[in-house]
Amino acid sequence: MTPREIRADVPALDEETAYLNYGAHGPSPEYVVDAAADFLADHEYDPIGTDPYERAFGTYETVRERIADFLGADAEEIALTESTTDGIARIAAAIDWEPGDVVVRTDLEHPAGVLPWRQLEEEAGIEVRVVETENGRIDRDAYADAVADARLVCFSAITWTHGTRLPVRDLVEIANDAGAFTLVDAVQSPGQVPVDLHEWGADAVAGAGHKWLLGPWGAGFLYVDRAVAEGMTPSSVGYRGVETPTAHDIEYAPGAKRFEVGTTTPAAHVGLLEGIDAIESVGLDAITSRIEDLTDRLKAGLDGERLLSPTEYETGLVTVDVAEPEATVERLLERGIVIRDLPHPDAVRVSVHAVSTEREIDDVVAALSEEP
């Protein structure tokens, strides 16, 4: 399969609109939505021919294994969640916090990597330490100083603000040396760059498939290192997260499965598998190469002084300085161009996928060149 063939199956992508907002939401191909809808219909319309619980649980395992294989993990290390936010929150709630415990994050984090620590700061008396960055880059010495006495470190593999790729393995090793738990927000990675969770070495990684994987909303995943999970107690418990639901004593399921709770439809995750299949049928090397070519075209057409992302290719997220970000987004939307504004830096962000076209790139370059 080619990126053009994937694009042809996405109803939201047409010749009238230049959609360049994959870092927020990747519109799904028709077969992704069909797979989710077909599962839901069969599950609800035929509960007699096949036990609905048996089918759901079998599907959970199929999905878990497929996601694990795609991300370089073991099935036992994957929990199925609703979103990245959901995964981060489950980790935050599973730690027995003490007043004065230190959580370190960067100033580049999405609210998903900010709000749980703010809540714990207010309710549990932890200290939240923010590592300041410059141009989407993290100073390793400043980071090392910040994590020296930290209990947990949370950072993004790809920054949603600048599209920079942080050195995940290096940052994890620094935190490990300090004895800190490492939690990575990886939502901007799967589907546009290769991901190997075992190579990263983090204790936990949260992500979702509704961006670059072109999956439905609700198809989140949480990786937790098997050995680390054994020492964690989820804040909520249900029959999916224990070995024997009817036993008197609670014995949590091994690995990340303990973070799952109860009855949820696997429909969104079934759709996600179709998205993963489509991405893999093109190949991540081809996906990355195509994104690189298109972002190079975009950056070459823009005034370099307005470019807040790296000039050299790192990801498909390209941030551009404009005078009025919200107004710029609205004006471009009137011209059939979909991008987004950012709260920080005060700018707009163009998200380029392999399914994007040269015409879309040229259209957004022309439109942004007219913006002050």
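Below you will find a few notes about this structure. (Residues numbered from 1 in each chain as written. Predicted model: local features only at pLDDT ≥ 70, side-chain atom pairs only at ≥ 80, totals over all residues. Heavy atoms only, no water.)

Here we look at the overall build of the chain
At step 1: Counting secondary structure elements, the chain contains 13 helices and 12 strands.
At step 2: For the chain, whose C-alpha radius of gyration is 21 Å, the value lies close to the compact-globule estimate of 21 Å for 372 residues.
At step 3: In terms of overall dimensions, the chain has C-alpha extents of about 70 × 55 × 35 Å along its principal axes.
At step 4: Within the span of the chain, comprising 372 residues, buried residues form 55% of the whole.
At step 5: Looking at the chain alone, contacts between residues at least 24 apart form 71% of all its contacts between residues at least 6 apart.
At step 6: A total accessible area of about 15,800 Å² is found for the chain, and carbon and sulfur atoms account for 47% of it. (Helix = DSSP H or I, 4+ residues; strand = E, 2+ residues; numbered from the N terminus. Rg over C-alpha atoms; globule rule 2.2 N^0.38 Å. Buried < 20%, exposed > 50% of the residue type's maximum accessible area, 1.4 Å probe, protein only. Contact = heavy atoms within 4.5 Å. Areas by Shrake-Rupley, 256 points an atom, 1.4 Å probe, with all protein chains shown as cover.)

Concerning the nonpolar core
At step 1: Ile67, Val153, Phe155 and Trp200 are the most contacted members of the largest nonpolar core, which has 62 residues in total.
At step 2: Not counting the four nearest positions on each side in its chain, Trp200 is found in contact with Ala157, Val168, Arg169, Val172, Val184, Ala186, Ser189, Val195 and Val205.
At step 3: Within the second largest apolar cluster, 25 residues are counted, among which are Ala94, Trp117, Val128 and Ala256. (Core = buried A, V, L, I, M, F, W, Y, C linked by side-chain atoms within 4.5 Å.)

Digging into the sheet that holds strand β12 (residues 347-351)
At step 1: Taken in spatial order, the 3 strands line up as β9-β12-β11 in an open sheet, and their pairing is antiparallel. Of all the strands in the sheet, the pair left with one neighbour each is β9 (317-320) and β11 (340-342). For this sheet, the mean inter-axis angle between neighbouring strands, taken without regard to orientation, is 35°.
At step 2: Relative to β12, β9 runs antiparallel, the two sharing 4 bridges. Bridging across to β12, Thr319 finds its partner in Arg349. (Pairing = 2+ DSSP bridges. Axes fitted to C-alpha atoms, helices over the stretch in contact; angles between N-to-C directions.)

Overview of unusual backbone geometry
At step 1: The linkage connecting His344 with the following residue, Pro345, adopts the cis geometry, with an omega of -10°.
At step 2: The topology assignment puts Pro345 in the loop between β11 and β12.
At step 3: Positive phi is not limited to glycine here, since Leu214 has a value of about 60°.
At step 4: Residue position: Leu214 is located in the loop between β7 (204-208) and β8 (220-224).

Describing the side chain of Arg105
At step 1: As for its placement among the helices and strands, Arg105 is situated in strand β3 (residues 102-106).
At step 2: Despite its burial, Arg105 pairs with no opposite charge; the closest candidate is Glu109, at 6.6 Å N-O.
At step 3: If sequence neighbours within four positions are ignored, Arg105 has contacts with Gly113, Val114, Trp117, Val128, Arg129, Val130, Val131 and Cys154. (Lys, Arg positive; Asp, Glu negative; His and termini not counted. Salt bridge = Lys/Arg side-chain N within 4 Å of Asp/Glu carboxyl O.)

With respect to helix α12 (residues 325-334)
At step 1: All of the buried residues in α12 are Pro325, Thr328, Val329 and Leu332. Buried residues along α12 cover an arc of 100° about the axis, so they all sit on one side. Facing away from the buried surface of α12 by more than 90 degrees, the exposed residues are Glu326 and Glu334.
At step 2: On its buried face, α12 sits against β10 (337-338), β11, β12 and α13 (358-369). (Arc of directions from axis to C-beta.)

Side note on the pattern of salt bridges
At step 1: Applying the stated criterion to the full structure yields 25 salt bridges.
At step 2: In this structure, Glu260 and Arg240 form a salt bridge, with 2.6 Å as the shortest nitrogen-oxygen distance. Taken together, the residues Glu260 in the loop between α9 (226-229) and α10 (267-282) and Arg240 in the loop between α9 and α10 connect sequence positions 20 residues apart.
At step 3: By relative accessible area, Arg240 is classed as buried at 6%.
At step 4: In the salt-bridge network here, residues are joined through shared partners; they are Glu61, Arg64, Arg240, Lys257 and Glu260.

Focus on the packing of helix α2 (residues 30-45) against α10
At step 1: Viewed as axis vectors pointing N to C, α2 and α10 meet at an angle of 150°, and their least axial separation amounts to 7 Å. Considering their axes alone, α2 and α10 lie roughly antiparallel with respect to each other. Crossing angle aside, the handedness with which α2 passes α10 is right-handed. Along the contact surface, α2 presents Tyr31, Val32, Ala35, Ala36, Phe39 and Leu40, while α10 presents Ala267, Val270, Gly271, Glu274, Gly275 and Ala278.
At step 2: Classifying every residue of the contact of α2 with α10 by side-chain character gives 9 nonpolar, 2 polar and 1 charged. (Parallel < 35°, antiparallel > 145°, perpendicular 65-115°, else oblique. Left-handed = near helix turned anticlockwise from the far one by under 90°. Nonpolar A, V, L, I, M, F, W, Y, C, P; charged D, E, K, R; others polar.)

Regarding the side chain of Glu371
At step 1: When you line up the elements, Glu371 lands in the segment after α13.
At step 2: Given the relative accessible area of 11%, Glu371 is considered buried.
At step 3: Setting aside residues no more than four positions away along its own chain, Glu371 makes contact with Arg306, Val322, Thr328, Arg331 and Leu332.

Re the sheet that holds β7
At step 1: Across the sheet, 7 strands lie side by side as β2-β8-β7-β6-β5-β3-β4; this open sheet has mixed pairing. The open sheet terminates on both sides in strands that have one partner only, identified here as β2 (78-81) and β4 (127-131). In this sheet, adjacent strand axes meet at a mean angle of 20° when their direction is disregarded.
At step 2: Of the pairings in the sheet, the one linking β3 to β4 comprises 5 bridges and is parallel in character. Across the sheet, Val103 pairs through a bridge with Val128, a residue of β4.
At step 3: Across the sheet, helix α3 (residues 52-71) lies against β2 and β8, angled at about 115° from β2, the strand it touches most.

Re the environment of His353
At step 1: Relative to the elements of secondary structure, His353 occurs in the loop between β12 and α13.
At step 2: In the structure, His353 is positioned 32 residues away from Asp321 in sequence and 21 Å away in space, judged by C-alpha atoms.
At step 3: When near neighbours in sequence (up to four residues on either side) are disregarded, His353 contacts Tyr22, Gly191, Trp212, Leu214, Ile279, Ile287, Ile291 and Leu294.

Honestly, that's just the spatial picture; any functional story needs more than this.
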